[in-house]
Amino acid sequence: MNTSVNLCGVTLKNPVMTASGTFGSGAEYSEFVDLNKLGAVVTKGVANVPWEGNPTPRVAEVYGGMLNAVGLQNPGIELFCKRDIPFLKQYDTKIIVNVCGHSTEEYAAVVERLSDEPVDMLEINISCPNVKEGGIAFGQDPKAVEAITREMKKYAKQPVIMKLSPNVTDITEMARAAEAGGADALSLINTITGMKIDINRRCFVLANKTGGMSGPAVHPVAVRMVYQTAQAVKLPIIGMGGIMNAEDAIEMILAGATAVSVGTANFTDPSVTEKIVAGIEAYMEKYQVSDICELVGAVHER
Amino acid sequence: MSEKFQETATVVSQKSIGAGIFDLTIQTKEIAAHAKAGQFVSVYSGDASKLLPRPISLCGIDREKKNLRLVYRVTGEGTGTEEFSKLKTGDTVRILGPLGNGFTVDPGKKAFLIGGGIGVPPMLQLAKQMKISGMEDFQVVMGYRDANTFLLEEFKEQAETFAATEDGSVGTKGNVLDAIRENHLKADVIYACGPTPMLRALKAYAAEQGIDCYISMEERMACGIGACLACVCKTTKMDEHSNVKNKRICKEGPVFDAKEVEL
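Thresholds applied
Residues numbered from 1 in each chain as written. Chains lettered and ligands numbered in written order. Predicted model: local features only at pLDDT ≥ 70, side-chain atom pairs only at ≥ 80, totals over all residues. Domains from an automatic or database assignment. Contact = placed C-beta atoms within 7 Å. Helix = DSSP H or I, 4+ residues; strand = E, 2+ residues; numbered from the N terminus. Nonpolar A, V, L, I, M, F, W, Y, C, P; charged D, E, K, R; others polar. Pairing = 2+ DSSP bridges. Axes fitted to C-alpha atoms, helices over the stretch in contact; angles between N-to-C directions. Parallel < 35°, antiparallel > 145°, perpendicular 65-115°, else oblique. Left-handed = near helix turned anticlockwise from the far one by under 90°. Bend = angle between axes of the 7 residues up to and from the residue. Buried ≥ 20, exposed ≤ 12 C-beta atoms within 10 Å, placed from the backbone. Core = buried A, V, L, I, M, F, W, Y, C linked by C-beta atoms within 7 Å. Right-handed = clockwise from strand over helix to strand, strands pointing away. pLDDT = per-residue confidence, 0-100.

### Concerning the domain arrangement of chain B
Residue and element names in this part refer to chain B. Assigned domains within chain B: domain 1 (5-99) and domain 2 (111-260). Computed over C-alpha atoms only, the centres of domain 1 and domain 2 are separated by 21 Å. Each partner contributes residues to the interface: domain 1 has 21 residues there, and domain 2 has 18 residues. At the level of secondary structure, the elements contributing two or more residues to the side of domain 1 that touches domain 2 comprise β1 (5-18), β3 (40-43), β4 (54-57), β5 (60-62), β6 (67-73) and β7 (92-99). In terms of residues, the side of domain 1 that touches domain 2 owes the most to one element, β6, which gives three residues. Grouping the constituent residues of the side of domain 1 that touches domain 2 by class yields 15 nonpolar, five polar and one charged.

### Comments concerning the sheet that holds β7 of chain B
All names here are of chain B. The sheet built from seven strands is open, its strands ordered β4-β3-β7-β1-β2-β6-β5 with antiparallel pairing. The sheet terminates laterally at β4 and β5, the two strands that pair on one side only. Averaged over all pairs of adjacent strands, the angle between their axes in this sheet comes to 35°, without regard to strand direction. For β1 and strand β2 (residues 21-27), the ladder comprises seven bridges, and the chain directions are antiparallel.

### Looking at the interface of chain A and chain B
Contact residues are listed per partner, giving 34 residues for chain A and 24 residues for chain B. Every element with two or more residues in the side of chain A that touches chain B is listed here: β5 (59-62), β6 (65-68) and α8 (265-268) of chain A. Considered class by class, the residues forming the side of chain A that touches chain B number 15 nonpolar, 14 polar and five charged.

### Let's talk about the sheet that holds strand β8 (residues 111-116) of chain B
Residues and elements named next belong to chain B. Taken together, the seven strands give an open sheet; going across it, the order is β11-β10-β9-β8-β12-β13-β16, and neighbouring strands pair in mixed fashion. Since the sheet does not close on itself, it has two edges, and those belong to β11 (172-173) and β16 (255-257), each with one partner. Pairing of strand β9 (residues 138-144) with strand β10 (residues 160-165) involves six bridges; the strand directions are parallel. Looking at β10, one finds that G143 is bridged to A164. Of the strands in this sheet, β8, β9, β12 (189-193) and β13 (212-216) are in contact with helix α3 (residues 121-132), which crosses β8 at around 160°. Sheet strands in contact with helix α6 (residues 196-209) are β8, β9, β12 and β13, and its direction is about 170° off that of β13.

### Details of the packing of helix α4 (residues 142-155) of chain A against helix α5 (residues 171-180) of chain A
Residue and element names in this part refer to chain A. Where α4 contacts α5, the two axes come as close as 7 Å, and the packing angle between them is 30°. Taken together, the axis directions place α4 and α5 in an arrangement best described as roughly parallel. Like other packed secondary-structure pairs, α4 and α5 cross with a definite hand, here right-handed. In this structure, α4 contributes P142, V145, E146 and T149 to the contact, and α5 contributes E173, M174, A177, A178 and A180. Residues belonging to the contact of α4 with α5 are distributed by class as follows: six nonpolar, one polar and two charged.

### Observations concerning helix α1 (residues 77-89) of chain A
Residues and elements named next belong to chain A. When the local axis directions of α1 are compared, the greatest deviation, roughly 25°, occurs at R83, which is followed within four positions by the proline P86. All buried positions along α1 are accounted for by I77, F80, D84 and L88. Buried-residue contacts for α1 involve β4 (40-42), β7 (94-99) and α2 (104-113).

### Looking at the packing of α5 of chain A against helix α6 (residues 219-232) of chain A
All names here are of chain A. Relative to each other, α5 and α6 sit at 45°, their axes nearing to 9 Å. By the angle class used here, α5 and α6 are oblique. Considering only the axes of α5 and α6, their crossing is right-handed. In this structure, α5 contributes I171, T172, A175 and R176 to the contact, and α6 contributes M225, Q228, T229 and A232. Here the residues of the contact of α5 with α6 sort into four nonpolar, three polar and one charged.

### Notes on the nonpolar core
Counting residues in each nonpolar core, the largest one holds 188 residues, and the members touching the most others are V226 and V260 of chain A. Shared between two domains, this core takes at least three residues from each, and those domains are domain 1 (5-99) and domain 2 (111-260) of chain B. Aside from chain neighbours lying at most four places away, what touches V226 of chain A is L188, I237, G239, M252, A255, G256 and A257 of chain A.

### A word on the pairing of strand β15 (residues 237-240) of chain A
All names here are of chain A. Residues I237 and G239 point to one face of β15 and I238 and M240 to the other, with burial holding for every one of them. Here β15 pairs with strand β16 (residues 259-262) via three bridges, running parallel. Paired with I238 across the two strands is A259, which belongs to β16. Between β15 and its parallel partner β16, the chain crosses via helix α7 (residues 246-255), and the hand of that crossover is right-handed.

### Digging into the pairing of β6 of chain B
Residues and elements named next belong to chain B. The pairing of β2 with β6 spans seven bridges and is antiparallel. The residue of β6 that forms the bridge with I26 is L68. For β5 and β6, the ladder comprises three bridges, and the chain directions are antiparallel. Each residue of the ladder has a partner; that of G60, found in β6, is R69. Where β5 folds back on β6, the antiparallel hairpin that results is connected by four residues, among which K66 adopts a positive phi of roughly 65°.

### Observations concerning the confidence of the model for chain B
Across chain B, the average pLDDT comes to 97, with 100% of residues at 70 or higher. Here the predicted complex carries an ipTM of 0.95, next to a pTM of 0.96.

Following this line, the structure appears as structure tokens:
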């Protein structure tokens, strides 16, 4: 049985990765998950300098999901290279670094700094809804998506994954723009902008007022967007959005994802990623699928 | 940093000990044996629409019986804590712990153990731990909103105990600092858990008195293990891990030296 997938030249032992921001750089979760069993670890977004992030409260639970407005707190690329990359290098898994910035120059500085580091791929976060400059501002205009993708490709030595926002009218337009800019892969979806109000105190629950919604409630939206994007572009897709178990992961793969990222589910069960890997294998056995690649985009009409 | 365990614990007993306050004892496999006062556990809901664990402090640790005692407030109708309040003897509940750093007690110093509201329960385990270790030189000051006090009698078994209530129905009318002043109490170190305004006042009081103050802080959490950066607090100095002036309450905390955090 083959569970390995090829993501623009990088071979992952299985399609299960961690969603950026939910898993740190893996150190905390390594107490609960054998990182060697994961296809890749996608790190928390890292910028050229340390970022303090947003005020608290930064998270709120909502029905079937959660909102977060962490605001990309990160220690900056230098400490990240010194501490987090060597930590991940101890494991037999691929390292995908999520890159954030306020401007093209800031993104480029991180990408350039990583060019000689032993990381396998870069995921460019142009879709964070919780920072005022950069982030989503780049991800909602196809011209900006194409331009920043092209710019990243100039500096990147590793394959470039553009992480797309669902907070757009037509995600396929953004996907085509990233493809035109030379992206090697796409990941989608980032969180959907939401809001929660405390009716007893009549105030916003999050200090940032709005936050990105994730969790199983967004899963059908993510599946639909992955499917539409897979129809629109030739690039491999990393599907994410509310994957709680192997069934959700397989659904995403059938919609057209080559790999999947698991995020919010880590909070509900710290060892869920390993269980999803095992669950995918069990599904393949049950349906006698010899190669997982047979499942990618294999959905058909009834 | 202590080892953490994911377990399915079994409910030994549960009772209501006040308006909306529940007293739950669960039997663990490993967690109780590794836990200390001031740490907490993540308690997971059985309802798939509730994704985030509820962090609950440890009111009691019985290493021999492997039991943990959790005293918590039900936060409303349809909440995770309401679900937990319905657990009966023999039921199971998924937990992760022990989490956080817990209190480190400075022996030989006269101490105040101060709790406010739902910050009261973890101080009971600390009181018991200190007494067992022979550090008996401490006084307890607990603050409540009104006559719906809880655990007060149990504190009295451990040490001299003072109470403050906002409406004056029990003990001093006012807050824990009013009780300290009214009773002319003095100490060399404060260990406290409670709402932020109380912690802020204690930090200022400790600074004014020139005494040490260790406070257990609270914030909305998601992962509970230091990965998601949801529950940070502002620190006075650059934090080594975050590389900014933020520390993770669930990981470096919840207990901090009041001098190192901004409130």
